Structures are given as C-alpha cells and as structure tokens.
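# Structural characterization, general
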Amino acid sequence: MLSELPLLSLLIWVPILGGIAVLAAGDREPWGARSLALITSLLTFLLSIPLFTGFDTGTAAMQFEELTPWVAAFDINYHLGVDGISVPLIILTTFTTVLVVLAGWEVIRKRVAQYMAAFLIMEGLMIGVFAALDAVLFYVFWEGMLIPMFLIIGIWGGPRRVYATIKFFLYTFFGSVFMLVALIYMYIQSGSFGILDFHLLPLGMTEQILIFIAFLLAFAVKVPMWPVHTWLPDAHVEAPTGGSVILAAIMLKIGGYGFLRFSLPITPDASQELDWLIISLSLIAVVYIGFVAIVQQDMKKLIAYSSIAHMGFATLGFFLIFAIIENTGTAQGALLGLEGGMVQMISHGFISGALFLCVGVLYDRMHSREISDYGGVVNTMPIFGAFMVLFAMANSGLPGTSGFIGEFMVILASFKANFWYAFLAATTLMLGAAYSLWLVKRVVFGEVGNKQVAQLQDVNRREFLILGVLAAAVLLLGLWPAPLVDLMHATLENLLAHVLVSKL
Amino acid sequence: MAFVSQAVDRVFKMNVEMMGLQLLLPEIFVLTMACIVLVLDLFLHDRNRVVTYGLSQLTLFGALALVIALADGDSHTAMFGTYVADPMASLAKAFVMLVVFAVFLYSKDYLRQRDLFKGEYYVLGLFGVLGMMVMISAHSYLTLYLGLELLSLSLYAMVAFHRDSGVASEAAMKYFVLGALASGMLLYGMSLIYGITGSLNIAEVAASIGAMAELELALIFALSFVVLGLAFKLGAVPFHMWIPDVYHGAPTCVTLFIGSAPKIAAFAMAMRLLAESLGGVQADWGGMLAILAVLSLAVGNVIAIAQANLKRMLAYSTISHVGFLLLGILSGTVEGYASALFYAITYAIMAAAAFGMIILLSRTGFEADTLEDFKGLNARSPWHAFLMLLVMFSMAGVPPTVGFYAKLAVIQAVVGVDLLWLALVAVFFSIIGAFYYLRVVKLMYFDEPLDSQPLEYGTDMHVAISVNGLAILLLGLFPGALMSACMAAMGL
C-alpha cells in the first residue's frame, strides 16, 4: 500500500502546500498558523519514516522512483528517486523542520504566518533537491530554495540582516549559474538532463576539469569551503534561530551532497586530478578556521566557524579516496572516508542545529549573543547547562556522541592516505575541544556574570522537548551508528566503484 | 434580389480569396475598429469615455479570436507575397493582443486619476497594435517598414500624450528624432539590399543571396545598416540611449505599452529581416549581434544598479534582456530562434506586470516610480508584494519562475552552437543583474513603509495583475506548453 503512494512527491508537496495554506490563513490567528505549520511538519516527518523502513539497503539502485515528462521540448522530466545518500539527508530535513517550527513557536511575533510558511516551503524545496534525479529539476529546487531563505534572514534577522542576506543570495547565485552552464553543456552532449545519464556520459579530460570547476564553484560556496565561506558567519549571525538551524543543519549538507551526486560520479578523472585542491581547502578549513573559531566573541559566529571546520571533514573524507587507493591498493579504506564524510554530515546536522538552538534559548532571554555578556548560566539554568555541555562535547568529538564517529572515520581514512593529512585533520580534536569547551566555560560555568544572568529562567517544556530530542539523536547516533552506515553502505560502495572507472 | 446579392457575394468572395484577404482579417478588423473608435470617441461625453475603453478591449479580444481561428499551422502568403501568415505570426500576434489587453486595463485607472482618460490613448494604442501586427506578418521589406513606422508614430504620439508634462515632451522629442534616424538607417540598408538583389520580397532576397557564389562587399555594408537600425529599435547597446529617457519621461501607462508588447514585434522584425531574408549571411550578422549582446548585458546590468528611479532601472534592465534576446537570435539555429521567441513573450509578460505594479501603487497626484515608494510593501499589501517578488525573481532568472526557463533556453541555444564563452558572459552578468532585482525585494520585505496610505485599485486591476503575476509562476512551473508552442512556431 505504502509503496504505491508517490512518497517523494508527497514529501515535497505536502510541506509546500501546507506552507501556502499557512500563508492563506494569515496572521489574524497566529495560533492557527503555528498549529497548522506544526501539523504539516509532523505529517511530513511521518511521511519520511516509510522512506527509512521501506528502503532496501541491499541495492545501490534508485528507489521510490517517479518519472513523468515535464517539459517535453527539452526532455526535462519530473524524475525523483532516492538512494542511500539522499534518504538520511531527507529524514534529517523533515526532522529538523519540526524542531524549527517548534523553536519559532512563541519567539516569532512578527508575521508569524509568513515565517512558518517560509520554513515549510523551504522544507519541500530542500527535499526536492535531495530527491531530484533530473538536472533541471534539481536546479529549480536548488535555486528556488534561496528565495525563502533570503526572506527569512532579511525579514526576521538581526541588525545587519540586509547585508547578510544579499551576500548570502549573491554568493550562492554566483556559484550556481556556472553549474547551470555545465549542466546545459552536458545536456547538449548527452541529449538528456537525467543525472544518472550524466554519470554514464563519457567526457574528455579538459571537459571534465571545466565541469568539475563549475560544480566546485556551486558546491564550495554552499558547503562552504575556504575561501568562499565568508557569507556563512554573516548569514548565521543575522539569521533568526530557525534560519541558522536550517542553514547549518541542512543547507550546508546540500553542498556535500552535490559533491557525491555530481562531482565525483560525473567527473571522476577530474576529481582524481584535482583532489589535492579539495583536500588542501578542506585541511585549511579544518585547521585555519578552527583557529578563527577560537577567537570569536559572538556565540553564533563561533558555531558558524566551527560548522565550516566540520564540513571540511566531510569534503576531506569524500576526496581522500584517490590517495587511499593509490597508497593501499584496496577500496576498503576509501569507503571508510566516504562513509565517514556522510556520517559527519548527518551528525553535524544534529549538533550544529542543537547548538544554534541553545544560543537561541539564551538569546530569547538576554537578547545578546556576546559571550562576554554571559557567565555562570548553569547556576540559574541547570537543565539548559547540561544540554549545552553535552552538545559542546559532541561538537568537539567526544566518544559516545555522534560527533566522534564521523571524525574518527575520516581521520582513520586519512591515515591510509597520508600521515600529514591525518596529522592536520586530527588537530581538530584539539581545536574543536578548545573552542567548544572554552565557549562552555565562559558561558555556562563560572560565577554568575551579571544581574541579568542571575534572573534567568531555565528551559520551559517546549525548549526541553526540542533539546531533549536532539540530545537523544546525538547519543543514539554516537552509540549505535550501524543503521545509518548500513543505509548508505551499498550506495557508497557502488559510487566508489563507479568513480574508480575512468571515463577517458 | 437574391440573384444580385448572390453575385455580389461571389465576386466579393473571389476577390477576397484571390488576394488571400481572409488571412488579413485580424488586421482589417483592428483597422476598422480603430477607425470606428476614433470617430465614435468624438461624439462621446467625457463621462462615457469608458465606451472607448470597452470597444478597444473588444477589438483586441476579437482580433485574438480571429488570429486563433485563422491559425492552421501552415505558412501562407497573401497580397502578392508581401504578407505572410505563419505559425510564428499567429503566436506572436496572440501574445501581443493579450499583453496589450493587460496594458489597456492597467492604464484605465491611471489615466482617470490624471485627467488623461481620453480616446487618443486607446486609438493610438490600437494603431500601434496594427503596426505590430503588420511588422509581425511582413513578408516584404516595404510591409515591414510600414508596420514599423505605424507603430513608431503611434508611440511617439503616446509619449507626448501628457501635453503639460515637460519631461514627457522632452522624451517624445528625443524618441522621435532618434527613432527617425534609426528608421532612416534601416531604410538605407534595405534600399542597398534592393539594389543588390533586385527585390524587396523576403523570400526572393533570401533566394538571391543563397544563389550568390561569393558575397558582395556591398551586401555586408547593407547588412550593417540593417543591423544598426534593428539594434536601435530593440535598444541594444550602443544604440540604447533613448530607452532610459523615454521610459522615465513617458507617463507610466505609456512606458508600460512601449516596454511590453513591442518587444515581441521587434523580435519578429529581427526574425523576418535577419533569419528569413539574410539567413545566408548569418555568420556575419551573428558576429555583429554577439558584440551588441555582450555590450547590452554589460551596460544594462551595471548601470541599472545606480538607478534610484524604478522606471529607469527597468529601462536598463530591458537593455540587458535585449542582450539575452539577441543571444538567442545570433545562434542562428531553429532552437535559438524558438528560445528568443520564448524570451520575448515571457519578457513582455514580466514587463507588463512590473510596470503594472508601479501603476497600482500610484494614485491621484502621486507617482510610485522611485525605488523608495516600494518600501515596506509587504506590510501594506502582502499579496502585491508577493506578485512583485515573483516579477523580480523572474527577471533575475531564478526558478521556479518563467524567467529561469527563458534564460535556460537561450543559454542552451548558445551552448548548442559552441559559443560557450557567450553563455558564460551571459550568466556572469545575470549575477550582477540579480543584485538590483534583489534590492527591490529587499525594499518591499525588509524595510518599513514610508507611505501608510492604503493602495487604491479597482477589482479589474487587482484581478488582472494577480493573473499576470501568477502567470509568471505557473509558466515557470509548467513551461512545457509555451515552449512547445514556440518550437512549433519555428517549425520544430
């Protein structure tokens, strides 16, 4: 019965239509808008569960496929499908959106309906990005996603929101238009916009390198990789809490997803040729941005920089494969790198989302993100303190939390590639601990900093629920990552086998 | 009696069929109605002026029905080969009617508020429509020129229509002088081609160029003049100077007219001239258009950033859109022509909505034509802010609006003929372009309103602009039908 439903279409369109309904309901009844948004997001989350339970982990083929002609003149199809890479990301999206709707529950007072609708519509578009198997469809979702985010940062953001949101939009737009040209070029070559057809399209080395660079521009901005990361701290700082959470937990992952879905399989030879570039940029992100994170005075900025460093791990894991194969001759270690990168992405989705929500909890009470305005929060907010410490620990990669698994897998893989890669990557264990724990020390522990902190109320039930669910997810993934790894295993194995076959 | 009427009937029918006059029915209808409206309007009292308006809209509606009824998917010539009715003409005319229908509707309240609700606007508008129809269906240089001049003269008069406005008179004067110069250039080019090929008929010119063993230098010389005249009419850089001044100076309802439907007609003129009659020297005009396109994209997008007046900003944005249009034409392939037709049609729809929105925000004694006037529109009217958001994102080429597909199709055509560098230039400048469209969205959504007066608009205006704005979204979600129609119009 379930398998007959167009599950992916439902996942895309239920939130979008729900968002339109919320818009139509309007602001006159803010509670109505909120409840409708919550119901829609919960429904979407429930719809995404059969994706996990009904997923056949034994095959790398696309599942839950839907194919309808869309623009016949250009052979553009409404083609959806998911594999082991996209399913966890889709579930992450539906899960996070529920939390974001809850997080904005009482906090957002201005234009509630528009706020909720923007997040719901964005949820649908992001799921579309992960599920699209047609390049134009992918691009439509990829770009369409920018519009709600642009509005979210611009309308509900902080004082420098206009600068931040225009920077965010233009950076991403800049990256993606070159990808569009690359997609069109491949359409002309192959006569199809199917992403899976692109995987099989033979391309010469020069073409591959140019296409790889076009993709790199798009995905590196999204991830973001050093040196095109500067939009992220601005966007994060100015975005409302919900916007930061979606940005960190899901939007950044879309860049990583792009590398796995486009760059590696479409241009394997160029990826091999230029893997040094990605590895260098990733290591710079891990080490340099790690240092930058330490000196931040603003909590959100600190977490934003830590996100860049952590995403560096994901891209490092993805592009280590060639060096590992060259070094060890077996694919086993390379697979570890890919899986580590994916686990890192999912885990970072939970952890960074949770940290931004923690900052949101504080910000709602104090209206300040400056670290120096806090101190001794644990004295007045013990439950919150416990959560924040847990998430900070997870952020620094404490064993038993999800943060550990991904980092450990990638470091292990990088040892098989090159000692120095591993050495530099492992500095994150120190740097991550330094900025995360120092943040906790200054904000949560110590003497009560000032009068305002002394009057803080601990988390309410709604906040407890949000943080508690995330804490459970972080611990569950940390203690029992097997279901996630099993989910991705066949797909990544197949991807690796595909990448290792030269297209020349 | 019956015998006489039968005979008359037969003679009439014979003549009509011999000349192919039934193909011209839409034009004949518009001409007749324009004359009727002109005369009738003389006898109407000011308070009954709405009759003029209603008849004009009826004319457009009737012409649209005739165009659709006569479209049979084949190409026919009439009037001894000077007129052609083909699928491209039907499609282009149909959209001209639809867009002008919206233009007339948007203009009504605006004219009323300014005491300009006179028959002249609609009569001139109808003659302009007739000019566009003749241009679109021209199969001889002479017909083309006649259509162009009919359109241009109507437009000059419309720009000057607000007699007491100094800016408008200046704009009209500029437009007239520069426009006449351009027409002269075009005519000179045409006469040279006549000298070389001995014909003004498009098919004959094409045949005689195709038969040439080697190209004559004189032909390239003539071609330069033709391209120059065309570039002027389209407003491609460096022949764009008139656009910002005319757009800015003209009453907004006239800017709306000039900025929308004539783009479709200008595209058709470019097709008839370049693709159909001078297709043999595509390599030469392709290069010329490439220069014009790159310059238009660069100048249009960059200078638009510096504008504080929305009408001027949209004028520069038009210039950049013309750059895209030229890209589609210069590829010289059928796909390219289809993409340019798609671009012209969607641009006309977007421009109608954009200028329509300015009209909607304006009221008696107040012109909402600066960027500041759009501040906080979301707080004043979320629905209209959303429509304008669609228009802006569509002009920037962001999916899921139709502007994205227009750009996609053009870039695809350009990449298809191995002009990758042009595609890269185009997307690069569209990033710059995105900035000033975003700024409008920023003003509407992120800023507080300066103006707290409620918007004044009639129900018809509200419905029309909603349909217009939603069309941009719906065509973006389902571009297939229009895209196929454009392909079919080009014979694919």
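Look up: the structure comes first, before these words.
It should be emphasised that the depicted structure is a prediction, and the values quoted were computed from it without experimental measurement.

### Description of the environment of V444 of chain A
As for its position among the elements, V444 of chain A is in the loop between α20 (419-443) and α21 (451-454). Remark: the alpha-carbon pair of V444 of chain A and R109 of chain A, spanning 335 residues in sequence, is separated by 28 Å.

### So, the pattern of salt bridges
Under the counting rule described, the total for this entry stands at 20 salt bridges over all chains. E463 of chain A is the salt-bridge partner of R462 of chain A, the closest N and O atoms lying 4.0 Å from each other. Using a relative accessible area of 13% as the deciding quantity, one classes R462 of chain A as buried. Close ionic contact of K442 of chain B with D447 of chain B constitutes a salt bridge, the shortest N to O distance being 3.4 Å. Each member of the pair, K442 of chain B together with D447 of chain B, is buried.

### Quick notes on the environment of S169 of chain B
Residue and element names in this part refer to chain B. Its place among the elements puts S169 in helix α7 (residues 166-197). Here S169 falls in the partly exposed class, since its relative accessible area comes to 33%. Put simply, S169 and A464 are 295 residues apart on the chain and 30 Å apart in space, counted from C-alpha to C-alpha.

### Notes on the interface of chain B and chain A
Contact residues are listed per partner, giving 38 residues for chain B and 34 residues for chain A. Where chain B abuts chain A, roughly 3300 Å² becomes buried across the two surfaces, and 83% of that area is made up of carbon and sulfur atoms. When residues of chain B are sorted by the area they lose upon contact with chain A, Q412, I431 and F446 of chain B head the list and together hold 21% of the total. The tally of links between chain B and chain A comes to zero salt bridges. For the pair chain B and chain A, the interface holds three residue pairs in polar contact (both at pLDDT 80 or more). Only α16 (377-380), α17 (382-396), α18 (402-416), α19 (420-446), α20 (459-477) and α21 (480-489) of chain B provide two or more residues apiece to the side of chain B that touches chain A.

### Things to note about the pairing of strand β1 (residues 63-71) of chain A
Residues and elements named next belong to chain A. Bridging between β1 and strand β2 (residues 76-82) involves six bridges; their strand directions are antiparallel. Residue pairing in the sheet places P69 in a bridge with N77 of β2. The turn linking β1 back onto β2 is made up of four residues, and D75 within it adopts a positive phi angle of 55°.

### Details of helix α11 (residues 252-259) of chain B
A large share of α11 of chain B lies buried, amounting to eight of its eight residues. Residues of α11 of chain B that are buried: T252, C253, V254, T255, L256, F257, I258 and G259 of chain B.

### A short note on the nonpolar core
Residue and element names in this part refer to chain B. If you look at the biggest cluster of nonpolar residues, it comprises 401 residues, and the most contacted ones within it are Y121 and Y405. Ranked by the residues each element gives to this core, the list is headed by helix α15 (residues 334-361), at 22 residues. The next biggest cluster of nonpolar side chains, apart from the first, holds five residues, and it includes L23, L24, A78 and Y83.

### So, the packing of aromatic side chains
Centre-to-centre distance and the angle between the planes together describe a pair of aromatic rings. Overall, the coordinates contain 52 aromatic pairs over all chains when judged by the stated rule. Every member of this aromatic cluster is reached through a ring pair, and the members are F138, W142, F212, F215, F219, F259, F262 and F319 of chain A. The aromatic ring of F117 of chain B is capped on one face by R112 of chain B, whose charged end is 4.8 Å from the ring centroid. The residue whose ring lies beneath R114 of chain B is Y110 of chain B, and the NZ or CZ to ring-centre distance is 3.9 Å.

Rules and cut-offs
- Residues numbered from 1 in each chain as written.
- Chains lettered and ligands numbered in written order.
- Predicted model: local features only at pLDDT ≥ 70, side-chain atom pairs only at ≥ 80, totals over all residues.
- Heavy atoms only, no water.
- Helix = DSSP H or I, 4+ residues; strand = E, 2+ residues; numbered from the N terminus.
- Salt bridge = Lys/Arg side-chain N within 4 Å of Asp/Glu carboxyl O.
- Buried < 20%, exposed > 50% of the residue type's maximum accessible area, 1.4 Å probe, protein only.
- Contact = heavy atoms within 4.5 Å.
- Buried area = accessible area lost by both parts, 1.4 Å probe.
- Polar contact = N/O pair within 3.5 Å; in protein donor to acceptor, adjacent residues only side chain to side chain.
- Pairing = 2+ DSSP bridges.
- Core = buried A, V, L, I, M, F, W, Y, C linked by side-chain atoms within 4.5 Å.
- Phe/Tyr/Trp six-rings, centres within 6.5 Å; stacked < 30°, edge-to-face > 60°.
- Lys NZ or Arg CZ within 6 Å of the ring centre and 35° of its normal.

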